[in-house]
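# Structure at a glance
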Amino acid sequence: MNSMNKQTIDQVNASLKKRRAAERRFRWYGQASIIAGLLALLVLLTSIVHSGYGGFFQTVLILDVKMDQGLIDPEGHREAAIIAEADFGLLLKQSLYDMFPDVRERNDKRQLAALVSNGAAQTLRKMVLKDPSLIGEILHVEVAAGPAVDTVYHGDVDRHASQTDRSVSDRQLQWIDRLVSEDKVAQRFNASFFTSGDSRNPEQAGILGAMVGSFFTIIVTVLLALPVGIAAAIYLEEFSPRNRWTDFIEVNINNLAAVPSIVYGLLGLAVFINFFEMPRSSPTVGGLVLSLMTLPVVIIASRSALKSVPPSIREAAFGIGASKVQMVFHHVMPLAMPGMMTGAIIGLARALGESAPLLMIGMVAFIVDVPGSALDPSTVLPVQIYLWADSPERGFVRLTSAAILVLLAFLICMNGLAVYLRKRFEKRW
Amino acid sequence: MSKTTLLLVLLLLCMATFFIGRNKATLLSGNSGNKLNSLPDYYGYYVALWVGLPALGVVLLWACLETQLITSLVIQGLPEEMRTLPADHLGLIVNEIHNAVGNERDRIAEPAILEAAERYENLQIYSSYLLVLTAGLISAAGFWRSYQGIEASFRARIQVEGFVTLLLMACSTIAIFTTIGILLSVLFESIRFFQSVRPDDFLFGLRWSPQMAIRADQVGSTGGFGAVPLFVGTFLISAVAMAVAVPVGLMSAIYLAEYASPEQRAIGKPLLEILAGIPTVVYGFFAALTVAPALRELGEMAGLSVSSESALAAGLVMGIMIIPFVSSLSDDFINAVPQSLRDGAYALGATQSETIIQVVIPAALPGIVGGVLLAISRAIGETMIVVMAAGLSAHLTINPLESVTTVTTQIVTLLVGDQEFNSPKTLAAFALGLVLFLATLALNIIALRVVRKYREQYE
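Here's what I pulled together on the structure shown here. (Residues numbered from 1 in each chain as written. Chains lettered and ligands numbered in written order. Predicted model: local features only at pLDDT ≥ 70, side-chain atom pairs only at ≥ 80, totals over all residues. Heavy atoms only, no water.)

### Here's the deal with the overall build of chain A
Looking only at helices and strands, chain A has 18 helices and 3 strands in total. Dimensions of chain A, computed from C-alpha atoms along their principal axes, come out at roughly 105 × 75 × 40 Å. A total of 429 residues make up chain A; the buried ones form 52% of that total. The long-range fraction of contacts in chain A, counting pairs at least 24 apart against all pairs at least 6 apart in sequence, stands at 76%. Accessible surface computed for chain A: about 21100 Å², of which carbon and sulfur atoms make up 59%. The positive charge centre, built from 40 side chains, and the negative charge centre, built from 38, are 16 Å apart in chain A. (Helix = DSSP H or I, 4+ residues; strand = E, 2+ residues; numbered from the N terminus. Buried < 20%, exposed > 50% of the residue type's maximum accessible area, 1.4 Å probe, protein only. Contact = heavy atoms within 4.5 Å. Areas by Shrake-Rupley, 256 points an atom, 1.4 Å probe, with all protein chains shown as cover. Lys, Arg positive; Asp, Glu negative; His and termini not counted. Charge placed at Lys NZ, Arg CZ, Asp CG, Glu CD.)

### Here we look at the environment of A:Gln94
You can see A:Gln94 is positioned in helix H4 (residues 88-99). Along the backbone, A:Gln94 and A:Lys66 are 28 residues apart, and their C-alpha atoms lie at a distance of 8.2 Å.

### Regarding the packing of aromatic side chains
Applying the stated criterion to the full structure yields 21 aromatic pairs over all chains. Their ring planes at 35° and their centres at 6.0 Å tell us that A:Trp245 and A:Phe248 sit as a pair that is tilted. Taken as a pair, A:Trp245 and A:Phe248 lie in helix H11 (residues 244-258) at a separation of 3 residues, close to a single helical turn. Judged by centre distance (5.3 Å) and plane angle (25°), the ring pair of B:Phe143 and B:Tyr147 falls under stacked. With B:Phe143 and B:Tyr147 both in helix H5 (residues 111-149) and 4 residues apart, the pair spans about one turn of that helix. An aromatic cluster is built from B:Phe193, B:Phe194, B:Phe202, B:Trp208 and B:Phe225, whose rings are joined through pairwise contacts. Lying over the aromatic face of A:Tyr97, A:Lys109 brings its terminal NZ or CZ to 4.6 Å of the ring centre. It is B:Lys24 that lies over the ring of B:Tyr147; its NZ or CZ is 4.5 Å from the centre. (Phe/Tyr/Trp six-rings, centres within 6.5 Å; stacked < 30°, edge-to-face > 60°. Lys NZ or Arg CZ within 6 Å of the ring centre and 35° of its normal.)

### With respect to a nonpolar patch on the surface
On the surface, a nonpolar cluster with roughly 520 Å² of combined accessible area is contributed by B:Leu8, B:Leu11, B:Leu12, B:Met15 and B:Phe19. Relative to the elements of secondary structure, B:Met15 occurs in helix H1 (residues 3-32). (Patch = residues over 30% accessible without salt bridge, like charges linked within 9 Å, V, L, I, M, F, W, Y side chains within 5 Å. Salt bridge = Lys/Arg side-chain N within 4 Å of Asp/Glu carboxyl O.)

These figures capture arrangement, not role.
Below is the structure:
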């Protein structure tokens, strides 16, 4: 028997080394998976920050513009209507021609004029309208640079490629290099990113329209999804009898939580826009669709919050003579409120980032104006990101990434708020 | 008076009558020495409800029906030859009338339409006066009736609570209405689609090229509505995504549940959850901007030709998105396995990895499989990543280096455009939506069944 025991223990000992190695390998696989997941997150965030950082800065040209009275206000009446009609673009072009006097050809002149953004004329116009005494002076202004200067300044242009492969011609490169060496090109904080609506020119486009549209949409979603969701959860948890009908409703809600978001878009298109003929592309319809999508999430989160309130609270309320409705609304609901709010905020954060259903109901048009009400056509920030990602101009890549950073910042705030609420108000019964 | 103003006035009336009703109740309890049946607040709520709700119902009903009613009245007033036009011409005329009412008067030349627009506007004014009058009368009637009914023995609380319970029940049925709405809307349009394209052509056809001829002799008018390339594309991208998400997600869950210290777990779990919170547009942009070109360059270095919209890029990024899904679901089920099973295995001399592989995972398997099925359902329903990173042309291939298109991409492409709503091209989107909905529904139900049926009941 000793020899047999010795054989078994030898076998076990012999295999130990391999088993321990397998154990170490397995543990390493686990660590590697987590590291892989976190690495993916890191790569994603760094690539977005890297490409979006420049979007918060605007390239400007520092020019000396002669505010020629003959071009702006020949009669000298200083009437606002006449000043507004003046061709300020010509003044800007003239200042550039003055800087590069050897540019004669019409084609070359056009390329030179393209160094300034289309919207720069508007900046000049506003300045003069505000202060007409500027007419006749030589203004030292900073104006938005055109896409050519923008791309060269950010280093997006391949100088080694041939001229036809680039968006910037050789002569333009020379001029821009000279301007940079004379310190006439600078970077300023891009305030117009936050104050202007969408535009075809990347240097003028901003997210204000999209943010206001998102704001209206989320307001509509909150007003619809939160009360209805909490009411439904309260009914299902406290009042409904436990029969097949309520089981069916529960299965239904769980299924709805897992339906792809694009199907909700189809629902919105077929019912709200075609059947009810609501205004297409408005935050109202968008909010309706998103609230239908958020409803199952809110219901499920609220139900689990209500479940976590111990029965002793309910019994105590009955004990002092409360009716069932009073017990629910005065005793149970306030205690379950933190959990409900956490779930609601997480659901709303998800709705804020949704774009697929909103594409279906038409919030995908090019809308320049900032929406004034919840019934005006508008777009939301995720859809704006999608639209800009589709644009061919190089400058939009920066803007898209910058807009993504803004969206992520909002989501971090919302999720942070949810985590804070949970930590602060959660009671452990 | 616009409807919003009317609703605000109604709200103010409700609040005012709440106080009036409550006052009466308080006075009653003071005077007669009878004890009030309910708290005074309930009498106030009772009156406010009777003032506000019937009027609200009238306003809502009016809002729904008003436009159609006025339009049909105006149509009846149109000259004979306009009234007898076929439906779509009449529709165009109605549109013109609506536009004329909405301030585009100077562009419309026809006198009949201008007349009709004027009549429309007059009718609108009458209708709003009538609405205010009716709503006011009904509110007043409600107030009178409820105010009379306030006595010390009146059971206001029962009435109000009954109404509250009814309201809660109505809210809970919205979920049912949503499901019915989704089903009906998608079904109706799909049935219309299947009247132009046969179901077996759609489900089993191999050519997806959704063109519809506008004229009979139009070049390139032959279309194909065979959805098999779309199904294969969806399957391919989801397979790539699962191949990334399941190993990484499962191993992360195992490590976090079994090996990690509490501090590591406290940091690692929320960080992985962040992946779930990032909007899918961001993933799509990342896939199109960074991952796809990187994969193409890697492929060129290795001598393979990788499309710039390859299924591999989209599937990879989708897999990254699904990792936290698989991870957190598996984590729940692995933690649910009782410690006694693990202790038994350790007592027999098993290493930790052997315990996990041979005891814990098989015990948690039904839950993990359910989680994987839910993740698959999420992957096939994902839209933005594939719209931005995968292609638009339907190739029938299982090579992940080529570009394929999916069901969701096609739904978006077909509907985000200038198509007339009734052409088979746009209705095809609804048919695809129906297939998608049924597929995800089936996966969810199967996942639920698997979890319920095979889950071990531990004490």
